[in-house]
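Below are the chains, spelled out letter by letter.
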Amino acid sequence: MRLVLLLVCAAFVDASPILFGGGEDCTSSDGRKGRCVSANACPRVTGRVQPSCVQPCGFRHGQLQICCLPPKPAAPAPVALRCGVAGADNSRGAPRRASHDDLAVLELASPVTLGPRVRPVCLPDPKVRLVGRDAQVAGWGRLAFAGDTAVVLQEARLRVVPLDTCESAYRRLASFTDSFPGGFGTTKLCAQDPERRGADACQGDSGGPLMAQAADGTWSIVGVVSAGVGCGNPDFPGLYTRVASYLDWIHEQMT
């Protein structure tokens with residue numbers, strides 16, 4: 001027993017001096033609160049005493065006591081507890097409407113802490129006319145078609161363009177009928193760089209937000225990055241799923 005105790009103490013040559021007597025509460029060197037217990041009473045992680053459990057705090061009943069800190073909670077993972085896809089009911093064999101209805105609602109496993117850099121965005125007012133208005137797209141996708149992926153969050157100012165003009169451009173594609181049976185309908189928005197300098201969503205940005213600011217300063221997510229032809233192609237505006245067309249479905253998923 002003496003040999004074991006001597007070896008344990010040898011590991012603390014750079015630690016604070018051992019105080020004999022000790023109490024139930026203790027404070028670690030970094031100011032965290034813990035419990036003064038024997039080494040074998042300290043929680044273990046993957047079969048080994050966690051590094052924060054090796055600061056001596058006393059000596060009791062013939063055993064060295066260490067300041068045992070509660071295990072650090074694992075960082076919450078953005079696990080989807082519920083995921084619904086609009087317009088698709090594969091359990092009954094309903095056909096998927098090609099590139100329509102590419103929308104999902106995800107519920108995080110734990111609450112998000114709001115702050116200066118984390119703010120909610122509003123759902124859109126379906127009565128607001130968007131054509132001709134500026135909107136912001138943001139994402140971590142590629143900086144150019146088949147180019148490098150962004151290492152910092154990117155954003156670009158776009159302008160919502162008339163849907164019929166946009167659809168006319170896309171109808172020139174041989175794949176249009178298969179991709180969008182019945183046309184765009186009310187499920188899409190189109191937006192492009194008003195300066196024609198190539199600003200656009202790109203590969204890897206799919207699912208990202210297209211946001212518009214109201215007169216009172218609030219932001220709404222009016223679109224979700226959906227598809228396009230290349231990136232920044234002046235002949236083909238970017239396609240966005242029109243969020244206002246799915247408000248009833250979104251509210252159903254939230255109840």
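Look up: the structure comes first, before these words.
A few points on the structure. Owing to the predicted nature of the structure, the values given are computational and were not obtained by experimental measurement.

## Remarks on the sheet that holds strand S11 (residues 188-192)
Hydrogen bonding along the main chain pairs the strands of a sheet, whether they run parallel or antiparallel. The strand order around the closed barrel formed by six strands is S9-S10-S11-S14-S13-S12, and the pairing between neighbours is antiparallel. Recorded for the sheet is a direction-independent mean angle of 45° between the axes of neighbouring strands. In this sheet, strand S13 (residues 219-227) lies alongside strand S12 (residues 209-213) in antiparallel orientation, the contact comprising five bridges. Residue proline 209 lies in a different strand from S13, and its bridge partner there is valine 224.

## A short note on the side chain of lysine 188
Within the secondary structure, lysine 188 sits in strand S11. A distance of 2.9 Å separates polar atoms of two side chains, one belonging to lysine 188 and the other to serine 226.

## Overview of the nonpolar core
In this structure, Leu130, Val137, Leu158, Leu189, Leu210, Val222 and Tyr240 are the most contacted members of the largest nonpolar core, which totals 14 residues. Breaking this core down by element, the ones donating at least two residues are strand S9 (134-139), strand S10 (154-161), S11, S12 and S13. Broken down by element, this core gets its largest block of residues, three residues, from S10. Valine 137 has contacts with Gln154, Glu155, Ala156, Leu158, Ala201, Pro209, Leu210, Val225 and Tyr240, leaving out every residue within four places of it along the chain.

## Focus: the pattern of salt bridges
Tallying each qualifying case throughout the model produces six salt bridges. In this structure, aspartate 102 and lysine 188 form a salt bridge, with 3.4 Å as the shortest nitrogen-oxygen distance. One end of the pair, aspartate 102, is in the loop between strand S7 (83-85) and strand S8 (104-106); the other, lysine 188, is in strand S11, and 86 residues separate them in sequence. Look at lysine 188 and you get buried, because its relative accessible area is 2%. We note a salt bridge from arginine 159 to aspartate 134, for which the minimum N-O separation is 2.7 Å. Separated by 25 residues along the polypeptide, arginine 159 in strand S10 and aspartate 134 in strand S9 bring together distant segments of the chain. Arginine 159 sits in the partly exposed class, given a relative accessible area of 32%. Here the residues in one salt-bridge network are Asp134, Arg157, Arg159 and Glu195, joined through shared partners.

Rules behind the numbers
- Residues numbered from 1 in each chain as written.
- Predicted model: local features only at pLDDT ≥ 70, side-chain atom pairs only at ≥ 80, totals over all residues.
- Heavy atoms only, no water.
- Pairing = 2+ DSSP bridges.
- Helix = DSSP H or I, 4+ residues; strand = E, 2+ residues; numbered from the N terminus.
- Axes fitted to C-alpha atoms, helices over the stretch in contact; angles between N-to-C directions.
- Polar contact = N/O pair within 3.5 Å; in protein donor to acceptor, adjacent residues only side chain to side chain.
- Core = buried A, V, L, I, M, F, W, Y, C linked by side-chain atoms within 4.5 Å.
- Buried < 20%, exposed > 50% of the residue type's maximum accessible area, 1.4 Å probe, protein only.
- Contact = heavy atoms within 4.5 Å.
- Salt bridge = Lys/Arg side-chain N within 4 Å of Asp/Glu carboxyl O.

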